Structures are given as C-alpha cells and as structure tokens.
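# A structural walkthrough
Here is what each chain is made of, one letter per residue.
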Amino acid sequence: MLHKSDVMLVGRSRDALSGVVGLLENQPLLSLRTHVFGNGRSEIWRGDAQDPKPHALALCVDEDWRSCLPGLLQGLPDTPPPFLVLCPTSDIELLRAAMRAGARDVLSPPYEVEDLTSQLQALASEGHASAHRESARLVAFINAKGGSGASFLAASVASAVATRKVRKPLLVDFDLQFGSLPIYLNMSAGNGLIKALEFVDTLDSEALQGYVQVHDNGLHLLAAAMDSLILPDEIADERIKKLLNILDTAYNEIIVDLPRRIDRHTAAILERQDQVVVVTQQSVTHLRDTQRLMKILHDHLGITAERVLIVLNRFNKQAEVRADDFANVFPGIAIETVPGDYARVSESINLGIPVVDGAPRSPLGKSLRALSNRVLPQQESLQKPASGLFGWLRLPAKN
C-alpha cells in the first residue's frame, strides 16, 4: 500500500521555506510540513500522533549558510530521517559540511519540480521502510463505464489469491449503496464496513476480525449491508484513511472494488493503491470513457502509467474496436484481456461460486487466475498475525 511521502521542510526563516513550498505544495504524493527552527525550541517535531517523525527532511538554507546550517544540523536528533540540503548558492564547502553531517544530497536552483519530488519520495520511502514493517499490497478495481465487470473481476482475483493459502487477502466492497460482492460469493451482507468505519477510533487488527466475513476458500470480505441508506457525503474521509491504516496492519493483500465515481472517498483509496485496474470493454463509448477516467487519474490524482492496468473484459477478437485500438490510445499502459463467457459468468453469480473455484480449468477460469498472478504475483512471505460508519458519525473537527 502506498503512503504519502511525509516530508518536512525546515529552515531558519519563512522566506527560506516559501519558495520550496510554492514549488512542491501541489504534488499529490507529497504530504508537506514546514517548521521554522528558531533558537528557542530544541525539537523539530514532538514525535506524538499529532506531530510524528517525518519520513524525510529538506533543510532549506539561504546564501548565508555558514551561520544557519550548523544550527539546523545541531537541532536534528541522533537518528534523523533521510535528509537533503537546499541552498540558493552552490559551494563546495557547503557540500562537504552537509555530507559530513549525513545529508544525502545538496541541491541548488534551478529546481526541477519532478526531479526534486522524485528525490524526496525516494528518501521518504527509505525513511518509511526503516520505521515500519512491510506494507500490504493494495489493488483497486474500477469500471471505466458502468457494467464493465469490475466487481466480478475483483471477486475472482481475490478468490484466486485466497486459494494460494500463502498470504491472507481481504476483499473490500466499497460501494456503500449498491455493493454486490456478498452475492457473488454466496455470503450474507453484514454491516461490517459500516460498523468498522463507525468504530474506527477503537479498532486494531484483532478487533477488525469481528467485522469481516470469511469465505470457505479463506477469503476475508468487508462489505456493507443493503438494509439502510448511507450517503457518501455523510462519511468523513479521515475515517476512511484511518481504516486503511488498520487494514494495512492486518492483511498482506487488499483488493478494493470501487464504485464508478471519483470523489474524496475514492480518491483516499486510489492515492494509496499500488495498482489500479481499470475495467472496460470493446466499444467506442467504453474507449471514450476509459480515456476520460485515465485523464482524471493522471491529472488530478497523480497516478502514473506504471500503476495502471487496463483490462478488456468479455474480450472478442472479432469486435470492431480492437485491443490494438486501446494500445494506440494508451501507449505505455499495460493492457490485459479476459474472454467472454456469459453462461459461465451468469451461473457463477447466481450460485455464488467463483469461476476460479467452480470451473478453474475453463478458458475463463485460467484467464482469471492469470490476471490474479498479474496484479498480485505470488510471493513467499511470512503471513501477518491475524489479528462498518454512519454518516452522522463524523470525526470531530481539528482545532
């Protein structure tokens, strides 16, 4: 699961920070904090939940670096996160002083925003990895156009992963109003997701197990019941972020079936995903909607091409819109196909038996298993220890 890079910009004055803040503040994968380090405070961060240790630092100094850099370095703890130094002037003495103190690099203007962001993300990833255990892998499925089959593919991939019996997967049905995954798995929908969000402030990885349902094949499901109306706008996105952190501690692999909309709730999940699977079909309208969704993912959420997989569901070689047409429109983006089999899919949904369990040797079953290996490759790994929110239960606003 991806985590926003928690980067702190530290300087002796607001002026030293303002230019860098203006350069980086709109980068979607960076969570920026600033701190003006004066003489009167001995700590740059408190280290508690409200002011945690950042994943990476950028020490921002001005031309008079000889007078301000030593104080900044002395203010760092004995084991600081990875850091670099930003200075408007290039000086070999500055480079030596910073490197002796443990800086990974010293950069001077002109700053290229993509290069600077990339360096900070790399440092933050290193800092996060040193402070946390291995993170869960999060894959999100979303339809480019309604009815393309994202829910069926998400349930199938999750079931295929569960049959490996190596890593523990969780399937999350995030459609709070029209989720259908319990039906696909012949399970009774409970209020698991709703209650988990409601009590997220008291949840941990063990308590979470009281809100999930377990399929016979070992798959864990977190879904919402359909006996009450839940309005998405009534749910505080902070609760979703907190729940994701808890899921990250409890599971190795998380598959999320998203509703076909982009709002602050789905964005909170998409910004944490390792891969988003965009499910579409072979028609001009599907191609157009896929193009629009891809633009939103890239331009507004900062999701790069290597984190996207397009799946042409119900693939037909004789269709007028071909796989090559998608490849031409989306160069550099991986594309997979899943064959159509209306009778088998209909039987699978009506009986609640996943195709990968009921007909694993069929062309469709083999294709679905191959897709699961593509999005969640098999890895030998130690299994993590085992261990739903009504709209009016918002988190209290921070002062």
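A short tour of the structure in this document, coming up. (Residues numbered from 1 in each chain as written. Predicted model: local features only at pLDDT ≥ 70, side-chain atom pairs only at ≥ 80, totals over all residues. Heavy atoms only, no water.)

Looking now at the overall build of the protein. What the protein contains, in helices and strands, is 14 helices and 13 strands. For the protein, the residues scored as buried account for 50% of the 399 residues in total. Carbon together with sulfur atoms contributes 49% to the accessible area of the protein, which is approximately 18900 Å² in total. (Helix = DSSP H or I, 4+ residues; strand = E, 2+ residues; numbered from the N terminus. Buried < 20%, exposed > 50% of the residue type's maximum accessible area, 1.4 Å probe, protein only. Areas by Shrake-Rupley, 256 points an atom, 1.4 Å probe, with all protein chains shown as cover.)

Another aspect to go through is the sheet that holds strand β1 (residues 5-11). Strand pairing in a sheet relies on backbone hydrogen bonds. The paired strands run either parallel or antiparallel. The parallel open sheet is built from five strands, whose spatial order is β2-β1-β3-β4-β5. Looking along the sheet, the strands with just one partner apiece sit at the ends: β2 (30-36) and β5 (106-107). Helix-sheet contacts for helix α1 (residues 14-24) involve β1, β2, β3 (56-60) and β4 (83-86), and the interaxial angle to β2 is about 170 degrees. Strands in contact with helix α2 (residues 65-75) are β1, β3 and β4; relative to β3, the strand with the most contacts, it is inclined by about 155 degrees. (Pairing = 2+ DSSP bridges. Contact = heavy atoms within 4.5 Å. Axes fitted to C-alpha atoms, helices over the stretch in contact; angles between N-to-C directions.)

The next thing to look at is the pairing of strand β10 (residues 253-257). For β10, a buried count of five out of five residues is recorded, marking the element as mostly surrounded by other parts of the structure. The two faces of β10 match: E253, I255 and D257 on one face and I254 and V256 on the other face are all buried. Here five bridges tie strand β6 (residues 137-143) to β10, and the two strands are oriented parallel to one another. What sits directly across from V139, in β10, is I255.

To continue, consider the environment of W65. Along the chain, the position of W65 falls in helix α2. Linking W65 and D91, residues 26 residues apart in sequence, is a C-alpha distance of 9.7 Å. Not counting chain neighbours up to four residues away, the residues in contact with W65 comprise P70, C87, T89, D91, E93, L94 and A97.

To continue, consider the pairing of strand β7 (residues 169-173). In terms of burial, β7 is largely enclosed, as five of its five residues are buried. The side-chain alternation of β7 yields two buried faces, one formed by P169, L171 and D173 and the other by L170 and V172. In this sheet, β10 lies alongside β7 in parallel orientation, the contact comprising five bridges. Within β10, the position partnered with L170 by the bridge is I254. Inspection of the sheet shows β7 paired to strand β9 (residues 220-222) by three bridges, in the parallel sense. Bridge pairing in β9 links L170 to H220.

Our focus in this paragraph is the packing of α2 against helix α3 (residues 92-100). Remark: α2 packs on α3, axes separated minimally by 11 Å, with the N-to-C direction vectors making an angle of 5 degrees. Here α2 is positioned roughly parallel relative to α3, judged by the angle of their axes. Counted together, W65, R66 and L69 of α2 and E93, L94 and A97 of α3 form the full contact between these two elements. In terms of residue class, the contact of α2 with α3 is built from four nonpolar, no polar and two charged. (Parallel < 35°, antiparallel > 145°, perpendicular 65-115°, else oblique. Nonpolar A, V, L, I, M, F, W, Y, C, P; charged D, E, K, R; others polar.)

In the contact formed by helix α5 (residues 150-162) and helix α14 (residues 363-375), the axes pass within 9 Å of each other and the chain directions differ by 75 degrees. As far as their axial angle goes, α14 and α5 are roughly perpendicular. Between α5, through F152, L153, S156, V157, A160 and V161, and α14, the contact on the second element is made entirely by L364, L368, R369, L371, S372 and V375. Per-class residue counts for the contact of α5 with α14 are nine nonpolar, two polar and one charged.

A word on the nonpolar core. If you look at the biggest cluster of nonpolar residues, it comprises 51 residues, and the most contacted ones within it are L243, L247, I254, V278 and L297. Ranked by residue count, the leading element in this core is helix α8 (residues 237-250), at six residues. Not counting chain neighbours up to four residues away, the residues in contact with L297 comprise L270, V276, V278, G302 and I303. If you look at the next biggest cluster of nonpolar residues, it comprises 34 residues, including A150, A162, L221 and V356. (Core = buried A, V, L, I, M, F, W, Y, C linked by side-chain atoms within 4.5 Å.)

Quick look at the pattern of salt bridges now. All told, the structure shown has 17 salt bridges when counted by the stated rule. Linking D341 and R344 is a salt bridge whose minimum nitrogen-to-oxygen distance equals 3.2 Å. With a relative accessible area of 24%, D341 lands in the partly exposed category. Note on R344: relative accessible area 30%, which makes it partly exposed. (Salt bridge = Lys/Arg side-chain N within 4 Å of Asp/Glu carboxyl O.)

The topology assignment puts G149 in the loop between β6 and α5. Classification of G149 by relative accessible area gives buried; the value is 11%.

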